[in-house]
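# Geometric and topological summary
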Amino acid sequence: DVFPRIPFVNRSTSFKSKPSEIILWLFRWLCFRISIGAGLIKIRGDSCWTDKTCLFYHFETQPIPSPLSFIFHFLPKWMLSRA
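Everything numeric here is computed off the predicted structure, so don't read it as measured data.

Residue placement: Ser-69 occurs in helix 4 (residues 69–73). Classification of Ser-69 as buried rests on a relative accessible area of 5%. The residues touching Ser-69, leaving out its near neighbours within four places in the chain, are Phe-59 and Gln-62.

Laid out in structure tokens, this is it:
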């Protein structure tokens, strides 16, 4: 069994059928919109993107910080401006 410890997975039908084409296209559309939106906010957004200073405070304010965020926050500013 692939999921021996997950009690609510229906093992008889899991992963046996492909997702429908409409679901695949909607997922691709969602990924495209998120990617374009992330790029456009950098072009039209705050001046920190053009000044390359957004990473100076990003590691403090990200929604789900990683364990390495604390270390990255204290990197030298010249390194963060090139990232």
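Anyway, onward from the coordinates.
By definition, a disulfide links the sulfur atoms of two cysteines through a covalent bond. Within the structure shown, the criterion is met by one disulfide. The residue that forms a disulfide with Cys-48 is Cys-54, at a sulfur-sulfur distance of 1.8 Å. Here Cys-48 and Cys-54 share a disulfide; its torsion about the S-S bond, 70°, makes the bridge right-handed. The class of Cys-54 is buried, set by a relative accessible area of 10%.

Moving on: the side chain of His-73. One can find His-73 in helix 4. Setting aside its immediate chain neighbours within four residues, His-73 contacts Phe-56, Phe-59, Glu-60 and Leu-80.

Rules behind the numbers
- Residues numbered from 1 in each chain as written.
- Predicted model: local features only at pLDDT ≥ 70, side-chain atom pairs only at ≥ 80, totals over all residues.
- Heavy atoms only, no water.
- Helix = DSSP H or I, 4+ residues; strand = E, 2+ residues; numbered from the N terminus.
- Buried < 20%, exposed > 50% of the residue type's maximum accessible area, 1.4 Å probe, protein only.
- Contact = heavy atoms within 4.5 Å.
- Disulfide = S-S within 2.5 Å.

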